[in-house]
Amino acid sequence: MVETLLGSTMRVLLEIGVVIELFGVACAYQTVVVTFVTDLMNQVFGITGDFFLALNILVTILLCLGSMSHKMTALASLTSMVIVSIIYICLLVIVQTPSYVEANPDFWGNFQFVKVDSSIVDTITLLCFSFNSVTRLPMIYTELQNKSYKRMEKVVNVSLLLCTAFFILLGGFGYISYNYDMPGLVTQRPCEGLDWPMILGKTLFTIGLLANSMQTIYPLRGNIEEVIMRDVTNYSPVRFWSINYTTILLVGIVATLFPDAVGYFKILGGLLIGPIAILYPMLISWVCNKSLKFNLAFSTAAIVLSIIGFISVFNTI
């Protein structure tokens, strides 16, 4: 569609952007998995050694094993654990919020309903990143047996509404429970003793996110193949597996050298999600939609969000 409406150059730029975005997502997921496993080893078993490199190698090996199928939907049952864990963690944060407020006698003295500062830029960027799964939709749709645009549109809209609701609840109650001292990942918030309910949530999330990392490799290698070959109708096992394992090896190396998950989220959300999920739809709207008011409003929002994203990237770097 992009090539038909905007030309081959814009299609190539989009594919390159998707490749970089998915590569960064895979690196970020590996970083989070290693961080959570390290925390679980420390909290549950009291293991405090330096296993950072060993865990990264282990995750890289698991990614190689998990990417052997040709179908992205092969891991659907495991990736559903991410959804279950997010719902569980969200409910847990809500339930635990009163105890956190009660344990902080100065809570209401420091609490602010509205506070505008430079961190709002990062917040908007992270929100943009949180809906990055749009880059996987084409491959998921291709693998469906009973394809229906209308049904797919309904599923996407309902999913976006549910994600938005959970993100608002998680972010809102997370802020209330710990004010502005909340860590970048809510699962990392301090707790006296072992927080077994949150440990269970982190365990479920880690397993699901590892499967999600494997699933990310599928569209990543597909887009790399399209960028390199342009025509992927003729399947080549050598090309397929070379791209697959080279990509996973590079993900493992980058994730080991730059283990900052939140940094990945900010950079990807600001630098790539904006153009992929905002600017390209804006350009398509100008070609297909005849309403000048709608196009102007859409374009203004797209440009503002993109500028905010670039500011966040600049601050992160």
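Described in the following lines is the structure provided in the data block. (Residues numbered from 1 in each chain as written. Predicted model: local features only at pLDDT ≥ 70, side-chain atom pairs only at ≥ 80, totals over all residues. Heavy atoms only, no water.)

## Let's talk about the packing of aromatic side chains
- The full count for this structure, using the stated rule, is three aromatic pairs.
- A ring pair is formed by Phe36 and Phe205, whose centres lie 5.9 Å apart and whose planes are at 50 degrees; its orientation type is tilted. Of this pair, Phe36 sits in helix H2 (residues 8–45) while Phe205 sits in helix H9 (residues 196–229), and the two are 169 residues apart along the sequence.
- With relative accessibility at 16%, the residue Phe205 sits in the buried group.
- When the centroid spacing of 4.8 Å and the interplanar angle of 90 degrees are considered together, the rings of Phe240 and Trp241 count as edge-to-face.
- Using a relative accessible area of 9% as the deciding quantity, one classes Phe240 as buried. (Phe/Tyr/Trp six-rings, centres within 6.5 Å; stacked < 30°, edge-to-face > 60°. Helix = DSSP H or I, 4+ residues; strand = E, 2+ residues; numbered from the N terminus. Buried < 20%, exposed > 50% of the residue type's maximum accessible area, 1.4 Å probe, protein only.)

## Examining helix H3 (residues 52–66)
- Here H3 is 15 residues long and its end C-alpha atoms lie 21 Å apart, about the 21 Å a rise of 1.5 Å per residue gives.
- Taken as a whole, H3 has its buried residues at Leu55, Asn56, Val59, Thr60, Leu63, Cys64 and Gly66. (Expected span 1.5 Å × (residues − 1).)

## Some remarks on the nonpolar core
- Core analysis: the biggest nonpolar cluster contains 31 residues, and Val59, Ile89, Phe205, Leu209 and Leu220 have the highest contact counts within it.
- Breaking this core down by element, the ones donating at least two residues are H2, H3, helix H4 (76–102), H9 and helix H10 (237–257).
- A total of eleven residues in this core trace back to one element, the largest contributor, which is H2.
- Apart from the residues lying within four places of it in its own chain, the contact partners of Val59 are Gln30, Val33, Val34 and Leu210. (Core = buried A, V, L, I, M, F, W, Y, C linked by side-chain atoms within 4.5 Å. Contact = heavy atoms within 4.5 Å.)

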